[in-house]
Amino acid sequence: MPQNRVDIYPDPNRRIWVGRFHDLKERGKRPPKADLCTFDEALYTKNRRRRRSDTEILSYLRPLFEEKRANLIEELNFIPEENIDNILLADAIEEFNEYNLPKYSATWQRSLKYYLEFWLKELGNIPIKSITQKKILKIRNKMECKNSNKNRYYSGLSALLTSCVLDHEDDDGNAYLDVNPLHGLNKLDKLPEEENYGIALNMKQIELMLKNSKAIMNIRKSDPDKLQKLNIIKNKDFHLLIHLALYSGARGDSELIKLKWDDYDGKKLRFRKTKNKHERICPIVGKVKAHLDSTAHYSDSIFLYRDYRRKWKKLVQKSKFNFNRNLRFHDLRHSTVTFLLENGVPHMTVASIVGHSSAKMVKHYNQIHPEHLIESMKTIDKRLNVT
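### A closer look at the overall build of the protein
Next up, step 1: When helices and strands are counted, the protein shows 15 helices and five strands.
Next up, step 2: The buried share of the protein, taken over its 387 residues, is 42%.
Next up, step 3: Sequence-distant contacts in the protein: of pairs separated by 6 or more residues, those separated by 24 or more amount to 62%.
Next up, step 4: Working note: accessible area of the protein is about 24,000 Å², and carbon and sulfur atoms make up 52% of it.

In structure tokens form, the structure reads like this:
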């Protein structure tokens, strides 16, 4: 269903109700805004004798909104435009960031913002109805990056235009766009991606990473006791994150970071929010179980922070791996898949453990190490050694 634009919304930082006047918007500009009243003024009746209900709050705010609107019309000397059909790209991006972006994971939110800023810079603040697939493909094909990155930039803009079809409408109730011009990409225009684009760590590298993750924060004797204790807690927290990532093959931002203690019953972890929208159960045994059981509960969440990028960067630098590109947190997932396959776990079982939608995805992540291939060939040689 199309999503109506909000006229009145709260600003929690200033504790103010704000009015946004879409019908007074000028071409190429954002809708004007005006403060209506404080939270307390809307919440309580005169002399704070009684709390208003949600319906009463809206009834209180609506006359204030209309009063501000009348004042703005007078101040701006506003004359409605005859043609407001062309929604500009900057306006579409602003509404997408407000209404649609929060639905995505934190990592994808950062990426989408970056992609949309790129397209705004490349295309300029043009009407979204003037965007064509041919125009976008021409820019995409000139980009100097991997095909996988080019595809993500294209998908980012496509997500915006899809929201203009499904979620956003003008003042007359018409969708911003009738169709997404970037849908239905011709086979010849689709860019093939590398079949194996991740890095899989071998066991020595995994052991080194686990060891280094225990002391990611430096603890100095000269530091105050509180700081030393805090850094000890941070080290344990980050070490558990790396340990659990390698054990479960779970995704970072979208799965591990969102885990709560209610998701762990002492025998298994329940990943409720996954990429493919299906719940996943991960049995917890051995050292990982002991690690989880010995971890203190500082909050409802298992992990203390929402962003571990700095610690991860520090861990990679400390481990001194010599790869042809920077190691990503997602590469721990590649490492888990590869380790399971090298040890004879069936493809469908691996898919179930790490949450792949099909066994085909397992192949996409799999990178058998050369030393394992050698050992496998030695095994075949022994089996074929018939006397």
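### A short note on the environment of M203
Next up, step 1: Inspection of the secondary structure assignment puts M203 in helix α7 (residues 203-213).
Next up, step 2: For M203 and S335, which are 132 residues apart along the polypeptide, the C-alpha to C-alpha distance reads 9.1 Å.

### Describing the pattern of salt bridges
Next up, step 1: One pass over the full model with this rule turns up 17 salt bridges.
Next up, step 2: The partner of R251 in a salt bridge is E255, and the shortest N-O contact between them spans 2.5 Å. Of the two residues, R251 and E255, both sit in the buried class.
Next up, step 3: Taking the shortest distance from any N to any O, the salt bridge between R270 and E279 comes out at 2.9 Å.
Next up, step 4: Judged by relative accessible area, E279 falls into the partly exposed class, the value being 46%.
Next up, step 5: Each of the salt bridges in this network shares a partner with another, and the network as a whole consists of D263, R270, R272 and E279.

### So, the packing of helix α8 (residues 225-248) against helix α11 (residues 309-319)
Next up, step 1: Where α8 contacts α11, the two axes come as close as 12 Å, and the packing angle between them is 75°. On the basis of their axis angle, the class for α8 and α11 is roughly perpendicular. The segment α8 lies against α11, with K234, F238 and I242 engaging K311, W312 and L315.
Next up, step 2: Looking at the contact of α8 with α11 residue by residue, the classes come out as four nonpolar, no polar and two charged.

### Details of the side chain of S254
Next up, step 1: Relative to the helices and strands, S254 is located in helix α9 (residues 252-256).
Next up, step 2: Residues within four places of S254 in sequence aside, it is in contact with S105 and K273.

### Overview of the sheet that holds strand β1 (residues 8-11)
Hydrogen bonds between backbone atoms are what pair the strands of a sheet, whose relative direction is either parallel or antiparallel.
Next up, step 1: Read from one edge to the other, the open sheet built from three strands follows the order β1-β2-β3, with strand pairing classed as antiparallel. In this open sheet, the two edge strands, each paired with only one partner strand, are β1 and β3 (33-38). Between one strand axis and the next, the sheet turns by 35° as a mean value, whatever way the strands run.
Next up, step 2: As paired elements, strand β2 (residues 16-20) and β3 share five bridges and run antiparallel to each other.

### A short note on α11
Next up, step 1: Of all the positions in α11, only K311, W312, L315, V316 and S319 are classed as buried. Mapping the buried residues of α11 onto a view down its axis gives an arc of 135°, with all of them on the same face. Structural note: α11 exposes R310, K313 and Q317 on the side pointing more than 90 degrees away from its buried face.
Next up, step 2: In the core, the buried residues of α11 are packed alongside α7, α8 and α12 (331-342).

### A closer look at the pairing of β2
Next up, step 1: When you tally the buried positions in β2, you get five out of five residues, the bulk of the element.
Next up, step 2: Neither face of β2 is exposed, since I16, V18 and R20 on one face and W17 and G19 on the opposite face are all buried.

### Regarding the packing of aromatic side chains
Next up, step 1: One pass over the structure, following the stated rule, counts 11 aromatic pairs.
Next up, step 2: Among the aromatic residues, ring-to-ring pairing joins W108, Y114, Y115, F118, W119 and Y153 into one connected group.
Next up, step 3: Just above the ring of Y60 sits the side chain of R52; from NZ or CZ to the centre is 4.2 Å.
Next up, step 4: A cation over a ring is seen here: R62 above F65, with NZ or CZ 4.9 Å from the ring centre.

### Concerning the pairing of strand β4 (residues 268-271)
Next up, step 1: Of the two faces of β4, only one is covered, namely that formed by L269 and F271; the face formed by K268 and R270 stays uncovered.
Next up, step 2: When β4 meets strand β5 (residues 280-283), the two strands line up antiparallel, connected through four bridges. Among the inter-strand pairings, L269 is bridged to a residue of β5, identified as C282.

### A short note on the nonpolar core
Next up, step 1: Counting 34 residues, the largest nonpolar core has M209, I242, L256, L269, F303, W312 and L332 as the members making the most contacts within it.
Next up, step 2: Counting residues per element, the ones that place at least two in this core are α7, α8, β4, α10 (286-293) and α11.
Next up, step 3: With seven residues, the top contributor of residues to this core is α8.
Next up, step 4: Once residues within four sequence positions are removed from consideration, W312 is found in contact with M209, F238, I242, L327, R328, F329 and L332.
Next up, step 5: Among the nonpolar cores identified, the runner-up in size contains 31 residues, and L89, L116, M143 and A159 belong to it.

### Here's the deal with the environment of R270
Next up, step 1: Within the element layout of this structure, R270 appears in strand β4.
Next up, step 2: The partly exposed category is assigned to R270, whose relative accessible area is 27%.
Next up, step 3: Ignoring anything within four residues of it in the chain, the contact list for R270 reads L259, D263, E279, R280 and I281.

### Describing the side chain of D91
Next up, step 1: With respect to the element layout, D91 can be found in helix α3 (residues 89-99).
Next up, step 2: With a relative accessible area of 8%, D91 lands in the buried category.
Next up, step 3: In contact with D91, not counting residues within four places along its chain, are K25, K29 and R30.

Conventions and cut-offs
- Residues numbered from 1 in each chain as written.
- Predicted model: local features only at pLDDT ≥ 70, side-chain atom pairs only at ≥ 80, totals over all residues.
- Heavy atoms only, no water.
- Helix = DSSP H or I, 4+ residues; strand = E, 2+ residues; numbered from the N terminus.
- Buried < 20%, exposed > 50% of the residue type's maximum accessible area, 1.4 Å probe, protein only.
- Contact = heavy atoms within 4.5 Å.
- Areas by Shrake-Rupley, 256 points an atom, 1.4 Å probe, with all protein chains shown as cover.
- Salt bridge = Lys/Arg side-chain N within 4 Å of Asp/Glu carboxyl O.
- Axes fitted to C-alpha atoms, helices over the stretch in contact; angles between N-to-C directions.
- Parallel < 35°, antiparallel > 145°, perpendicular 65-115°, else oblique.
- Nonpolar A, V, L, I, M, F, W, Y, C, P; charged D, E, K, R; others polar.
- Pairing = 2+ DSSP bridges.
- Arc of directions from axis to C-beta.
- Phe/Tyr/Trp six-rings, centres within 6.5 Å; stacked < 30°, edge-to-face > 60°.
- Lys NZ or Arg CZ within 6 Å of the ring centre and 35° of its normal.
- Core = buried A, V, L, I, M, F, W, Y, C linked by side-chain atoms within 4.5 Å.

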